[in-house]
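A closer look at the structure
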Amino acid sequence: MPDGLIERHVPFLADRIATATVLCAGSDAPYLLYERDGSVSWAEGEAVVVEAGAEGATVGVGGTRRRQPAVAGVHPLAAAGRAVELVGRGNWRAHGWVDFSYVRARAGAGPEPGGRPAVRFVLPRREVRMRGSEALLRAEDGAALDRLERRLCAAADRAEALTHGDGPRRAAVPVDPDTGAARYREDVARAVREIRAGRLEKVILSRTVPVPGAVDLPATYLAGRRSHEPARSFLLRHGGREAAGFSPEIVVRVGADGTVTAQPLAGTRALTGEPEADAERRAELYRDPKEVYEHAVSVRLVQTELESVCIPGTVRTGEFMTVEERGSVQHLASRLSGRLAAGAGRWSALDALFPAVTASGIPKQAACELIARSEPEERGLYSGAVVTVDADGTLDAALVLRSVYRDGGRTWLRAGAGIVAQSDPERELEETREKLRAVSRCLVAPHDVAAGGPHPEPAAPARAAS
């Protein structure tokens, strides 16, 4: 059943985010919740799994797996994309992730330790796509659609209780934001020396903070989403990984008409909800030569990358150095777009812009080499992408930052800062603390969101709750 799903449209007026969260919390199958531009999609089960890395792609349908060896000149994303498009039928939507290790896989150096693929996409067994006052249900047959509609109604009822109920306050999970602080200062100082020596212009170095207590990821996602206005948000469990994230920016979006869009964010100050102090920090962003330079060189590279896949003369900067508020921080932001060139597909656009300059550096190869030397553990999903692709030609890739991760019984947060020649190690460390707070203040101890345990109240909003 590659995507032989049938569809049903039903009226839907409930809270989309809360309803999809309840569906995730009540599921015992792999799932992905993805929010973009006012729409929320929820997908469950794995009818088809496509994985790709340096050695090629594999396609799993049911209990069978078919291997497609690597082809010279075809990057792993293109191999995975072609495999998805070959098996997709009708109004299909695939979802998945691109690991930061794709940088190595693309160079033929193999996947990250542990053998996990660099790219993973899934065609689900069941879907709900919610937008406006309607939900589109997709399932294998009429009986499965009936069951899915009943689940959606029950989830909407539970979402109403979560949104308006009077349950006890959520139980927070504390973390130590200074874990690894001394090493991080040293790594930043070393990176500044390499930059001043002319080896690169910019690098994003990150640090990991463990979460020692148990975390309810659906409840954390709901609490975090109520205190953020992210560019994208997601909650996922598949491929052995779990994550809840509030992405501040997209890596790239490709529209059905061939429009390619990127939105680099670089330059950061805290956002506390105190209007006067936040306004002063906002003004600092424009006055600080380090922040302005970091942003400008990032925009320059994104423009070059877009030009590599777009029709000459079509790349434009529609917004330059505005300020976007993202939870506990505010960023300098720009938006660039172009028209996809003939012969360059959506997978080439994602490949050209991955990894995002705002999570890697300039030039990217030198920055990724410095990241590998400096950071003591693999990034995994951090600074990779969560991606949805549709039958109509669209592709939407969220940059994986401001997230909580769980894998192999371990839960953690991760945050980084952009290092340039003018960087001060103490200030860059503080920037990672500011970004960590975006998620750490929303961590929720385990309880049953689906069945009716204590509901997660929103964290104190940075300004206006979303």
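You'll find the structure just up there.
So, here's what we can say about the structure. Since the model is a prediction, treat every value here as computed from it, not as a measurement. (Residues numbered from 1 in each chain as written. Predicted model: local features only at pLDDT ≥ 70, side-chain atom pairs only at ≥ 80, totals over all residues. Heavy atoms only, no water.)

Considerations on the overall build of the protein chain
Quick note on the threshold: The way it works is that DSSP assigns letters per residue, a run of H or I at least four long becomes a helix, a run of E at least two long becomes a strand, and they are numbered from the N terminus. In this treatment the radius of gyration is a C-alpha quantity, and the globule benchmark scales as 2.2 Å times the residue count to the 0.38 power. We call a residue buried when its accessible area falls under 20% of the maximum for its residue type, exposed when it is over 50%, and partly exposed in between, using a 1.4 Å probe and counting protein chains only. Any two residues whose heavy atoms approach within 4.5 Å at even a single point are treated as in contact. Residue-level accessible areas treat just the shown protein chains as cover; the underlying method is Shrake-Rupley with a 1.4 Å probe.
Scanning the protein chain from N- to C-terminus turns up 11 helices and 23 strands. The globule rule puts the C-alpha radius of gyration for 466 residues at 23 Å, and the 21 Å found for the protein chain is close to it. Across its three principal directions, the C-alpha atoms of the protein chain cover 65 × 55 × 40 Å. The 466 residues of the protein chain split such that 58% are buried. For the protein chain, long-range pairs separated by at least 24 residues make up 73% of all intrachain contacts whose partners lie at least 6 apart in sequence. Accessible area for the protein chain stands at about 17,400 Å²; split by element, carbon and sulfur atoms hold 52% of it.

Some thoughts on the nonpolar core
To be explicit about the condition: For this analysis, a nonpolar core means a set of buried residues of the types Ala, Val, Leu, Ile, Met, Phe, Trp, Tyr and Cys, connected via side-chain atoms within 4.5 Å.
Counting residues in each nonpolar core, the largest one holds 85 residues, and the members touching the most others are V119, V203, L350, V387, L395 and I419. When residues no more than four places from it in sequence are discounted, the contact partners of L395 are V252, R253, V254, R346, W347, L350, V387, T388 and V389. V10, L23, L33 and L413 belong to the second largest nonpolar core, which has 42 residues in total.

Remarks on the side chain of S227
Rules: Polar contacts, as used here, are pairs of N or O atoms within 3.5 Å; protein pairs need one atom able to donate a hydrogen and one able to accept it. Residues neighboring in sequence count only if both atoms are side-chain atoms.
Tracing the backbone through its elements, the reader meets S227 in the loop between α6 (217–225) and β12 (232–238). Within the structure, S227 has its side chain in polar contact with the side chain of H228 (distance 3.4 Å).

Describing the pattern of salt bridges
The following threshold applies: For this document, the term salt bridge refers to a Lys or Arg side-chain nitrogen within 4 Å of an Asp or Glu carboxyl oxygen.
In this structure the tally under the stated criterion is 52 salt bridges. D288 is paired through a salt bridge with R269; the nearest N and O atoms lie 2.8 Å apart. Within this pair, whereas D288 is found in the loop between α7 (275–287) and α8 (289–307), its partner R269 is found in strand β16 (residues 265–270), the two being separated by 19 residues in sequence. We note a salt bridge from E375 to R414, for which the minimum N-O separation is 2.8 Å. A residue pair is termed long-range when its members are at least 10 positions apart, and E375 in the loop between α10 (364–374) and β20 (385–390) and R414 in strand β23 (residues 410–419) qualify at 39 residues. With respect to class, E375 is no different from R414; both count as buried.

Looking at the packing of aromatic side chains
Stated formally: Any Phe, Tyr or Trp ring, taking Trp's six-membered ring, that has another such ring centre within 6.5 Å forms a pair; planes under 30 degrees apart are called stacked, those over 60 apart edge-to-face, and the others tilted.
Enumeration over the complete set of coordinates arrives at 4 aromatic pairs. With 5.5 Å between their ring centres and 80° between their planes, F121 and W347 make a pair best called edge-to-face. One end of the pair, F121, is in strand β8 (residues 119–123); the other, W347, is in helix α9 (residues 346–353), and 226 residues separate them in sequence. An identical accessibility class is assigned to F121 and W347; each is buried. Between Y221 and F246, the ring centres sit 5.9 Å apart and the planes meet at 10°, which makes this aromatic pair stacked. Pair noted here: Y221 is in helix α6 and F246 is in strand β13 (residues 241–247), with a separation of 25 residues, a long-range link. With respect to burial, Y221 and F246 carry one shared label: buried.

Some points on helix α11 (residues 425–440)
As a reminder, the rule being used: For a helix, the expected span equals 1.5 Å multiplied by the residue count minus one.
In this model, α11 (16 residues) spans 22 Å end to end at C-alpha, consistent with the 22 Å of a helix rising 1.5 Å per residue. Listed in full, the buried residues belonging to α11 are E428, L429, E431, T432, R433, E434, K435, L436, A438, V439 and S440.

Here's the deal with the packing of helix α5 (residues 181–196) against α11
Note the threshold: Each axis is a line fitted through C-alpha atoms, taken for helices only over the stretch in contact, and angles between the N-to-C directions span 0 to 180 degrees. Working rule for angles: under 35 degrees goes down as roughly parallel, over 145 as roughly antiparallel, 65 to 115 as roughly perpendicular, anything else as oblique. By convention the crossing between two helices is left-handed if the near helix lies anticlockwise of the far one by an angle smaller than a right angle, and right-handed if it lies clockwise. Each residue gets one of three labels, nonpolar for Ala, Val, Leu, Ile, Met, Phe, Trp, Tyr, Cys and Pro, charged for Asp, Glu, Lys and Arg, and polar for the others, Gly among them.
Between α5 and α11, the least distance of the axes is 9 Å, while the angle of their chain directions is 125°. Considered as vectors, α5 and α11 are oriented oblique to each other. Helix-helix and strand crossings are classified by hand; for α5 and α11 the assignment is right-handed. Contact residues: α5 offers A181, Y184, R185, V188 and A189, while α11 offers P425, E426, E428, L429, T432 and R433. Class assignment for the residues of the contact of α5 with α11 results in 6 nonpolar, 1 polar and 4 charged.

Remarks on the environment of G63
Looking at the secondary structure, you find G63 in the loop between β5 (56–61) and β6 (64–69). Under the relative-accessibility criterion, G63 is labelled exposed at 82%. Residues G63 and L306 lie 243 residues apart in sequence; the distance between their C-alpha atoms is 40 Å.

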